[in-house]
Amino acid sequence: MLELRRWWERYSLRVGLSALAIATAWSVRQLSGAPVLEAYRWISQPFQPGVSQPDILDSAAYLEMQKRLVELESQNRQLQEMLGYAAAQSIEGITAPIIGRSADQWWQQVTLGRGSNDGIHQNDIVTGTGGLVGRVSDVTANTSRVLLISDPASQIGVTISRSRSTGFLRGQAENTAVMVLFDKSPDIRPGDVVTTSTFSQVLPAGIPVGTVTEIDFNADPSPEATVQMSAPISALEWVIVYPNSKDPDDFLEGN
């Protein structure tokens, strides 16, 4: 008994530590090491490189606010340009946002967030910064649909400001259109300004439409000119609607 007591006093600490190690190893194996990993993560987190989850979320929120600010500044700049353009006109118009535009009819029509309750009527003239955009084709109480001059089905009477050569403008589903001239030998050259014609049955005369960029004198049956439209129709977000002194049934067919 004395020998056993001496042995225990001598080796008890070593036996206890061995038993603890075996128990810990068994526990880690049974629990797939989860408690140990969690303890390690908690202890070592302050020493890990990088940022914490709250910092990541705060950074993402800050970036979102920056992007929103950039978008608001862009919208404000476009609206200021539109208001400046409206102030330069002799006739008071109605500023309206474009709220609808489908991909398959991008060049044909847009929907405005203003309607009859705001004083808009069918056949009213629609312009953007730079010039003519189209004409109101349908109106509801709070919205309006605009038929764009870039629609390949549209035709409006136009004239060359410098020489007074006349023709009609045909859309071609982009920011350029084709002017078909009535004269076989028209006085026209690149850089000439194109406006609506006094002969137009659809729109009043003198509304800026675009600028001549190319001329095909050999086109059949009459010369044709490529016209770069003044208003950036593909990028518009705001327009101005003016009353129309003419009341056509549809866009001009040929003159």
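So, a few notes on the structure that sits alongside this text. Quick caveat, the model's predicted, so the values are computed rather than measured. Chains are numbered independently. Their residues run from 1 in the order of the written sequence. Thresholds applied to this predicted model are a pLDDT of at least 70 for local features of residues and 80 or more for the giving and counting of side-chain atom pairs; totals over whole chains, interfaces and linings are not thresholded and use all residues. Side-chain numbers here rest on the full set of heavy atoms in the structure, without hydrogens or water.

**Digging into the overall build of the protein**
1) Next: A run of H or I in DSSP counts as a helix once it spans at least four residues, and a run of E counts as a strand once it spans at least two, with each numbered from the N terminus. Scanning the protein from terminus to terminus reveals three helices and 12 strands.
2) Next: Two residues qualify as a contact provided that any one of their heavy atoms is within 4.5 Å of a heavy atom in the partner residue. Once local pairs closer than 6 in sequence are excluded, the contacts in the protein between residues at least 24 apart make up 60%.
3) Next: When the accessible surface of the protein is totalled, it reaches about 15600 Å², and 56% of it is carbon and sulfur. Using a 1.4 Å probe, accessible areas were evaluated by the Shrake-Rupley method; residue-level cover was limited to the displayed protein chains.

**Focus on the pairing of strand E10 (residues 208-216)**
On a regular strand, each side chain points to the face opposite its neighbour's, so the side chains alternate between the two faces of the sheet.
1) Next: Two strands are counted as paired when DSSP detects at least two bridges linking them. Pairing between strand E9 (residues 193-196) and E10: three bridges, direction antiparallel. Residue pairing across strands places Val193 opposite Thr211, the latter belonging to E10.
2) Next: Direction of pairing for E10 relative to strand E11 (residues 224-229): antiparallel, over a ladder of six bridges. Residue pairing in the sheet places Gly210 in a bridge with Met229 of E11.

**With respect to the environment of Asn175**
1) Next: Turning to its location among the elements, Asn175 is positioned in the loop between strand E7 (166-171) and strand E8 (176-181).
2) Next: Between the C-alpha atom of Asn175 and that of Ala231, which follows or precedes it by 56 residues, the distance is 8.3 Å.
3) Next: If we skip the residues at most four places from it in the chain, Asn175 touches Trp107, Val227, Gln228, Met229, Ala231, Pro232, Ile233 and Ser234.
4) Next: Within the structure, the side chain of Asn175 is placed 3.0 Å from the side chain of Ser234, a separation counted as a polar contact. In protein, a polar contact requires one atom able to donate a hydrogen and another able to accept it; more generally it is a pair of N or O atoms within 3.5 Å, and residues adjacent in sequence count only if both atoms are side-chain atoms.

**Considering the nonpolar core**
1) Next: Buried Ala, Val, Leu, Ile, Met, Phe, Trp, Tyr and Cys residues that are joined via side-chain atoms within 4.5 Å together make up what is termed a nonpolar core. Relative accessibility decides the category of a residue: with a 1.4 Å probe and only protein chains considered, values under 20% of the type maximum give buried, values over 50% give exposed, and everything between is partly exposed. By size, the foremost hydrophobic cluster in this structure holds 38 residues, and its most contacted members are Leu112, Leu132, Leu169, Met179 and Val194.
2) Next: Leave out the neighbours within four places in its chain, and Leu112 touches Ala96, Pro97, Ile98, Ile99, Asn142, Thr143, Ser144, Val146, Val239 and Val241.

**Observations regarding unusual backbone geometry**
1) Next: Cis geometry marks the peptide bond from Asp220 to Pro221; its omega dihedral reads 10°.
2) Next: Structurally, the position occupied by Pro221 is in the loop between E10 and E11.
3) Next: Even without a glycine there, the phi angle at Asn123 is positive, about 80°.
4) Next: Mapping Asn123 onto the fold places it in the loop between strand E2 (109-112) and strand E3 (125-128).

Coordinates in, geometry out; function isn't part of it.
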